[in-house]
Amino acid sequence: MNYPMWYLPEIGGGTMIALIAIIHVFVSHFAVGGGLYLVLAERKGIRANDQGILDFTRKHTKFFLLVTMVFGGLTGVAIWFIISLVQPAGTSFLIHTFVFAWATEWVFFLVEIVALFIYFYTFGRMDHRNHQIIGWIYFVAAWISLFIINGIIGFMLTPGGWLQDGDFWSGFFNPTFWPSLFFRTFVALMMAGSYAFVTTAFVKDASLKRTMTVFSGKWVLGSLLAALPSGLWYVAVLPQPAMALVKGSSPTIARALSWGTWAIVGILIVSLLLTLTKPARHNGIYATVVMVCAFLFIGSFEWTREGARRPYVINEVMYSNGIFKRDVERLNTEGFLQNAKWVRIQEFHEESLLEIGQDMFKNQCYACHTIGGFNNDIVPRTANMSFSALVSYLETIHDRRYFMPPFAGTSDEMRSLATYIYSGLQGKSMAETVAVSAAAGQISPGEQLFADNCVFCHEAALIKTKTAGWSRDRIRQGMDNLSGLNPAMPDFYGSDKEKDQLSDFILALNAPASRVVGVEHHPGESVFETHCSMCHSLRADYNPLLPKIDGWERTRLRQALDRLDSLNPAMPPLQASEEEKDALADYLMEESREVL
């Protein structure tokens, strides 16, 4: 709120950071591991007195220099540019907290540049011993850069003791520092072998191609094997909320991990083929497959690491919208507008609800949500909410969904945000809201609780159908354990009196005098909501399921429900009865036909 906003709502700041960051990380890890590859490949040629290996290493050095120094330099500048525009508060905080670490890293980066240029331009012109020393200087400087940046990035996920003492070293050597350093080092070595597959694919000499392909494959396979325990160590030291997101409570992270797993399988298979059985048949197709898989793996890892921090950009310090955690209570009292330097209106006016609401969206929602974009589009996510439900949701948004930051501001500012989403984005008339508000005093407390807490996901008609035949005791027991009824449902944390009132309202939906008309409810829909809706929507919104089964026959779909984990390792086996699986298959087939 202290910086101007670069507002591209159809794309979203998070998407832009992710794209540039993943490309840069894909190159920068090669810049570290590739340095060691050059030195050891050259030593291999020197010891074997093999001019072919030395010539290959010199050519690979040119490829390495172009990729890491030219393209990597551009992406490095781009990532500073984009994080400064999209997340200026977080960038400023990291620079001020680790200013000497950044300065040190830039010194070593300068050493890298100088050493690599000397290494390349003196290849074959300097004696072997001194040339090898230059190569080692490059690699050590590059690895120290990784060492420093790893400490700063790790701080963002696990600030550790810094939260108590504010000490530089407590933040730098944070709980994920060492596992992350080992993991990234092995990934960097794997990248060195993967990139080397590109240059070995185009070697003309068959014997040299075989030799350097096997040499590169050993780098990939050995590094993958070493990265596994350090990756498990990395996950094991995550704080509980982050670990819960990584282990499946976040559908987007689950999808990212699924892609990453398949990418590793692809790298492993191709590397085994090239190393153990068919090094002489290595060509551009194999190299392309490995590079695509390596890029997907890096993307999966970085997406997961970034996602695991939510709702923070710096864990327990600053939320993803750039608001410090310590400031939320003050902003709730003083108001967000008067503390924000780059909003159009700094004093609340009833006649400016939409303008204020749009500024609130830019400052508190835009960091994660797009408008009409493919990533976290706010429009479909709020389509079923009434105005009152939207306000109620904003009031408790962090309690309902931990990975979302709490709203920071006064009740009027919250109402302006709800107005912007409800009227400005959804195009709904605020006159309907006035009518509902006027009637609010005539409805029962239970109905009001239902409107405030349930209609985000359920219409009353659907609840009437689902609870038909239920006793009042059964409904009341359900109120104490909603997540037990459906893992996708958050628990209701109202008082016992409120649970009683809500139970009475739901029971009354099926009373003879009820004017609520139940809806036809397919039994398979309940199975979908219970077992699938945590990670999938049907058609739109998040991870839509129907496009994935487009063209499937009912038999294939039913068989797939028996082996979900073999279709996708990220999916758990479907814990449902045979009858429920049959109902789910029928439901999905019927919904598929409706799409057609």
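In the block above lies the structure referred to throughout.
Before going further, it helps to spend a moment on the overall build of the protein. Each helix and strand counted, the protein has 28 helices and two strands in total. Dimensions along the principal axes, computed over C-alpha positions, put the protein at roughly 95 × 60 × 40 Å. Of all 596 residues assigned to the protein, the portion counted as buried reaches 51%. A sequence separation of at least 24 residues applies to 73% of the contacts in the protein between residues at least 6 apart. Roughly 28400 Å² of accessible area belongs to the protein as shown, and the carbon and sulfur atoms make up 62% of that amount.

A contiguous nonpolar surface patch, about 530 Å² in accessible area, is contributed by Ile23, Phe71, Trp259, Val292, Phe295 and Leu296. Top contributing element to the nonpolar patch by residue count: helix 12 (residues 284–308), with three residues. As for its placement among the helices and strands, Leu296 is situated in helix 12. A relative accessible area of 31% means that Leu296 is categorised as partly exposed.

Before going further, it helps to spend a moment on helix 8 (residues 177–200). For helix 8, built from 24 residues, the straight-helix expectation of 34 Å at 1.5 Å per residue is met to within 8% by its first-to-last C-alpha distance of 34 Å. Here helix 8 lies mainly inside the structure; 21 of its 24 residues are buried.

At their nearest, the axes of helix 1 (residues 13–48) and helix 12 sit 9 Å apart, and the two run at 120° to each other. Judged by the angle between their axes, helix 1 and helix 12 are oblique. You can see that helix 1 and helix 12 cross each other, and the crossing is right-handed. Mapping the contact onto sequence places Ala18, Ile22, Ile23, Val25 and Phe26 in helix 1 and Met291, Ala294, Phe295, Ile298, Gly299, Glu302 and Trp303 in helix 12.

Next up on the list: helix 9 (residues 206–236). Helix length check: helix 9, at 31 residues, gives a terminal C-alpha distance of 45 Å against a target of 45 Å (1.5 Å per residue), a fit within 8%. For helix 9, the principal kink sits at Leu228 and spans about 30°; a proline, Pro229, occurs within the next four residues. Sitting at the amino-terminal end of helix 9 is Asp205, which places a side-chain oxygen 3.0 Å from the backbone nitrogen of Ser207.

Moving on, we come to the packing of aromatic side chains. Within this structure, the stated rule accounts for 45 aromatic pairs. Judged by centre distance (5.2 Å) and plane angle (40°), the rings of Phe26 and Tyr195 are tilted. Within this pair, whereas Phe26 is found in helix 1, its partner Tyr195 is found in helix 8, the two being separated by 169 residues in sequence. Exposure class is identical for Phe26 and Tyr195. Each is buried. When the ring of Phe30 is compared with that of Tyr195, the centres are 3.8 Å apart and the planes differ by 0°; the resulting orientation is stacked. Within this pair, whereas Phe30 is found in helix 1, its partner Tyr195 is found in helix 8, the two being separated by 165 residues in sequence. Both residues of the pair, Phe30 and Tyr195, count as buried. Over the face of the ring belonging to Trp470 we find Arg474, whose NZ or CZ atom lies 3.8 Å from the ring centre. Stacked on the ring of Trp552, the Lys or Arg Arg556 has its end atom at 3.9 Å from the ring centre.

Before going further, it helps to examine the environment of Leu588. Looking at the element boundaries, Leu588 is found in helix 28 (residues 578–595). When the C-alpha atoms of Leu588 and Leu545 are compared, they prove to be 9.0 Å apart, with 43 residues separating the residues in sequence. Apart from residues no more than four positions distant in its own chain, Leu588 is found in contact with Phe528, Leu538, Leu545, Leu546, Ile549 and Leu557.

Along the chain, His60 falls in helix 2 (residues 51–86). His60 gets classed as buried once you look at its relative accessible area, which sits at 1%. Excluding its chain neighbours within four sequence positions, the residues that come into contact with His60 are Phe30, Tyr37, Leu38, Tyr195, Ala196 and Thr199.

What follows covers the pattern of salt bridges. Counting across every chain of the model gives 23 salt bridges. Between Arg305 and Glu302 there is a salt bridge, with the nearest N and O atoms lying 2.6 Å from each other. Pair noted here: Arg305 and Glu302 are both in helix 12, with a separation of three residues, about one helical turn. Summarising the burial analysis for this pair, Arg305 and Glu302 share the class buried.

Within the largest apolar cluster, 86 residues are counted, with the highest numbers of intra-cluster contacts made by Tyr37, Met191 and Ile314. Take this core: its biggest share by element is 13 residues, from helix 8. Here Met191 is in contact with Phe26, His29, Phe30, Ala294, Phe297 and Ile298, once residues within four sequence places are set aside. Grouped together as the second largest cluster of nonpolar side chains are 41 residues, Ala21, Val343, Met414 and Ile421 included.

A separate point is the side chain of Thr176. Turning to its location among the elements, Thr176 is positioned in the loop between helix 7 (168–172) and helix 8. Here Thr176 falls in the buried class, since its relative accessible area comes to 0%. Within polar-contact distance, the side chain of Thr176 engages the side chain of Asn174 at 2.9 Å. Apart from the residues within four sequence positions on either side, Thr176 is in contact with Gly154, Thr158, Tyr234, Val237 and Leu238.

Once that is clear, we can look at unusual backbone geometry. In this structure, Pro311 follows Arg310 across a cis peptide bond, with omega equal to 10°. Relative to the helices and strands, Pro311 is located in the loop between helix 12 and strand 1 (312–314). Of note, the phi angle at Asn49 is positive, near 50°, even though the residue is not glycine. With relative accessibility at 69%, the residue Asn49 sits in the exposed group. One non-glycine residue, Glu316, lies in the positive phi region at around 65°. Relative to the helices and strands, Glu316 resides in the loop between strand 1 and strand 2 (318–319). Under the relative-accessibility criterion, Glu316 is labelled partly exposed at 33%.

Each value, and the rule that gives it
Residues numbered from 1 in each chain as written. Predicted model: local features only at pLDDT ≥ 70, side-chain atom pairs only at ≥ 80, totals over all residues. Heavy atoms only, no water. Helix = DSSP H or I, 4+ residues; strand = E, 2+ residues; numbered from the N terminus. Buried < 20%, exposed > 50% of the residue type's maximum accessible area, 1.4 Å probe, protein only. Contact = heavy atoms within 4.5 Å. Areas by Shrake-Rupley, 256 points an atom, 1.4 Å probe, with all protein chains shown as cover. Patch = residues over 30% accessible without salt bridge, like charges linked within 9 Å, V, L, I, M, F, W, Y side chains within 5 Å. Salt bridge = Lys/Arg side-chain N within 4 Å of Asp/Glu carboxyl O. Expected span 1.5 Å × (residues − 1). Axes fitted to C-alpha atoms, helices over the stretch in contact; angles between N-to-C directions. Parallel < 35°, antiparallel > 145°, perpendicular 65-115°, else oblique. Left-handed = near helix turned anticlockwise from the far one by under 90°. Bend = angle between axes of the 7 residues up to and from the residue. Polar contact = N/O pair within 3.5 Å; in protein donor to acceptor, adjacent residues only side chain to side chain. Phe/Tyr/Trp six-rings, centres within 6.5 Å; stacked < 30°, edge-to-face > 60°. Lys NZ or Arg CZ within 6 Å of the ring centre and 35° of its normal. Core = buried A, V, L, I, M, F, W, Y, C linked by side-chain atoms within 4.5 Å.

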